Amino acid sequence: MLFAETAGAHGLDHKHTESVFDDFAAEILLPHRQSQHGPGLSVADVNGDGRDDVFTGNGSGTPRSYSFNSRMAVSVRPPGQPWATVKDQEVIGSHFFDADGDGDVDLYAASGSTEFGARSDHYQDILYVNDGKGNFTFAADGALRGVAGSTQRVASADVDADGDLDLFVGGRNEPGAYPAAPKSYLLMNNAGIFTDAIAEKAPELERAGMITDAVFTDLNGDRKPDLIVCGEWMPVRAYMNTGGAFVADTTVFDEQLTGWWWDLELADLDNDGDLDVIAGNIGLNNKFHPSAEKPLEIYMGDLDATGTNDIVLAKHKAPGSTECVPVRGRECSSEQMPFIKEKFKTYKAFSEADLTTLYGDEQLRKAVHLSARDFRSMVWRNNGGNVHARAPTEHCAGGTVTRVCGGRCQWRRQQGSHHCRQPVRHRSGDHALRLRHWMRAARGWQIRLHAHEHRPLRLLRRWQRVRGGGDPK
């Protein structure tokens with residue numbers, strides 16, 4: 001199978017540009033930036049011509065991109081779309097679905113980042129309604145209100161079996177308070193009006209964690225859509241649909257497998273008629289290497305009693321030991337909490353102190369405390385509702401699930417964090433791959449769309465036609 005770069009020939013000249021923001025000015029000990037989770041990218045046939053079209057999100061101050069896949073396999077940007085007037089947001093997630101039941105796909109744009117402060121109208125998500133021809137307008141006033149946190153992943157299903165599509169919208173991060181769990185939303189659809197019912201129908205899900213992906217699927221064969229979510233500093237977790245409400249089932253996935261999960265995909269890998277779960281973790285190519293015996297720990301709270309939140313990453317001294325020491329050294333730690341230089345006059349004194357000596361047992365008890373035990377990606381086999389985990393082999397143990405075909409997973413390996421203050425090792429020249437999609441193109445061809453940070457969209461045409469296809473002229 002061979003690939004060739006064809007974005008220019010197809011008219012996809014969009015280049016994603018991130019706005020400049022220093023996450024580390026206020027949160028010096030962040031493990032990685034929270035202002036660069038985008039862009040959101042979604043693919044669907046918006047005008048009913050049988051070919052997939054593309055919507056790409058934006059960084060603050062830059063336009064979003066929307067392109068038709070035309071009859072000649074050349075993308076065309078239709079003018080007059082409403083998001084052209086909305087540039088002061090970071091659209092880090094998007095989702096095509098039929099919001100109003102008219103048979104075409106509408107668009108949900110999820111806004112996030114951390115650069116606008118803890119509370120801001122810049123985080124307000126927006127619903128755009130399609131006229132069936134690919135022309136969008138803002139949804140009616142009141143159709144979507146109150147979704148004003150930093151969100152990213154959106155999943156749709158008929159949760160309450162009333163014939164329309166409801167939404168789960170995952171909270172991505174709490175601006176300025178990493179790694180606190182942001183609010184997520186369960187938006188019930190009533191004739192195109194979406195109302196948050198998560199406190200009533202899924203209270204355990206409201207602040208489940210820093211959600212990076214979510215999928216609906218029937219896990220137990222009762223014909224009701226259950227929800228699977230994953231995120232940073234949390235396990236992959238299932239929420240079972242009890243008839244319009246959701247209850248966490250901690251027996252489906254292993255609750256001890258906490259990690260930095262990024263991606264969920266569903267596929268029948270073993271051809272037994274049910275869907276298995278593939279989950280992409282950060283992978284093994286990083287400097288932390290947590291395990292069940294030596295988890296990576298994080299604490300967040302006002303550890304120096306100055307009225308602001310502080311972050312401490314910690315590691316265990318030995319397998320099974322309860323004694324932890326900070327990951328960062330005296331220099332970085334004292335930038336966040338200057339008292340450290342006063343309390344520990346030398347680097348040697350700091351290096352000999354454990355976490356309790358540094359910050360005090362009471363302050364640590366009051367702090368948000370989370371652990372990560374496994375950074376490997378996983379495959380969960382679904383055997384008639386009984387789900388069993390299996391880690392991929394070492395050579396594909398990390399990254400994002402890019403495709404599932406023929407019962408095999410294709411992974412993009414993580415090359416380390418590209419927005420850490422102290423980045424882990426990675427290959428030079430690698431740009432962070434944000435999102436990717438396979439698209440149906442003209443005459444049966446398949447093309448692959450890549451969205452990278454600070455690079456143009458890339459379109460790779462597969463030189464192997466799908467069945468019944470012809471060469472696009």
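Owing to the predicted nature of the structure, the values given are computational and were not obtained by experimental measurement.

A. Structural context of the packing of aromatic side chains. Counted under the stated rule, the structure contains 13 aromatic pairs. Relative to phenylalanine 136, the ring of tryptophan 83 has its centre 5.4 Å away and its plane inclined at 50°; by these criteria the two rings are tilted. Residue tryptophan 83 is found in the loop between β5 (75–76) and β6 (91–97), and its partner phenylalanine 136 is found in strand β9 (residues 136–138); the two are separated by 53 residues along the sequence. Of the two residues examined, tryptophan 83 and phenylalanine 136, each falls in the buried class.

B. Looking closely at the nonpolar core. Trp233, Trp260, Leu355 and Tyr359 are the most contacted members of the largest nonpolar core, which has 36 residues in total. When contributions to this core are tallied by element, the ones reaching two or more residues are β21 (296–301), β22 (310–316) and α5 (355–359). Ignoring any residue separated from it by four or fewer positions in sequence, one finds tryptophan 260 in contact with Pro31, His32, Gly231, Glu232, Trp233, Asn281, Ile282, Phe288, Leu296, Ala372 and Phe375. Membership of the second largest hydrophobic core comes to 19 residues, among which are Met188, Leu205, Met234 and Phe246.

C. Broad picture of the pattern of salt bridges. On inspection of all chains with the given rule, the structure shows 15 salt bridges. Measuring nitrogen to oxygen at the nearest pair gives 2.9 Å for the salt bridge that ties glutamate 255 to arginine 237. Linking glutamate 255 in the loop between β17 (246–249) and β18 (259–260) with arginine 237 in strand β16 (residues 237–241), this pair joins segments that are 18 residues apart in sequence. Judged by its relative accessible area of 22%, glutamate 255 falls in the partly exposed class. For glutamate 331, the salt bridge identified is with lysine 341, shortest N-O distance 4.0 Å. On the criterion of sequence distance, the pair formed by glutamate 331 in helix α2 (residues 330–336) and lysine 341 in helix α3 (residues 339–343) is long-range, its members being 10 residues apart.

D. Structural detail: the sheet that holds β21. With antiparallel pairing, the four strands of this open sheet are ordered in space as β23-β22-β21-β24. Two strands in the sheet have a free side with no partner beyond their single neighbour: β23 (324–326) and β24 (368–372). Strand-to-strand, the axes of this sheet are offset by a mean angle of 30°, without reference to chain direction. Inspection of the sheet shows β21 paired to β22 by six bridges, in the antiparallel sense. By the bridge assignment for β22, leucine 296 is matched with lysine 315.

Conventions adopted
- Think of each chain on its own: its residues are numbered from 1, step by step along the sequence as written.
- A pLDDT threshold of at least 70 governs which residues receive local features in this predicted model, and a stricter bar of 80 or more applies before side-chain atom pairs are shown or counted, although totals over entire chains, interfaces and linings include all residues.
- To get the side-chain values, all heavy atoms of the structure are used, and hydrogens and water are removed first.
- Ring geometry is summarised as follows: Phe, Tyr and Trp rings, the Trp one being its six-membered ring, pair when their centres sit within 6.5 Å, and such pairs are stacked at plane angles under 30 degrees, edge-to-face over 60 and tilted between the two.
- Think of it this way: any DSSP run of H or I at least four residues long counts as a helix, any run of E at least two long counts as a strand, and we number them from the N terminus.
- Think of it in three bands: residues with accessible area under 20% of the maximum for their type are buried, residues over 50% are exposed, and the middle band is partly exposed, with areas taken using a 1.4 Å probe on protein chains only.
- Throughout, nonpolar core names a set of buried Ala, Val, Leu, Ile, Met, Phe, Trp, Tyr and Cys residues whose side chains join them through atoms within 4.5 Å.
- Throughout, a contact is declared for two residues whenever any of their heavy atoms are within 4.5 Å.
- Each salt bridge in this description consists of a side-chain nitrogen of Lys or Arg and a carboxyl oxygen of Asp or Glu lying within 4 Å of one another.
- Strand pairing requires that DSSP identify at least two bridges connecting the strands.
- In this analysis, axes come from line fits to C-alpha atoms, helices being fitted only over the stretch in contact, and the angle between any two N-to-C directions falls in the range 0 to 180 degrees.

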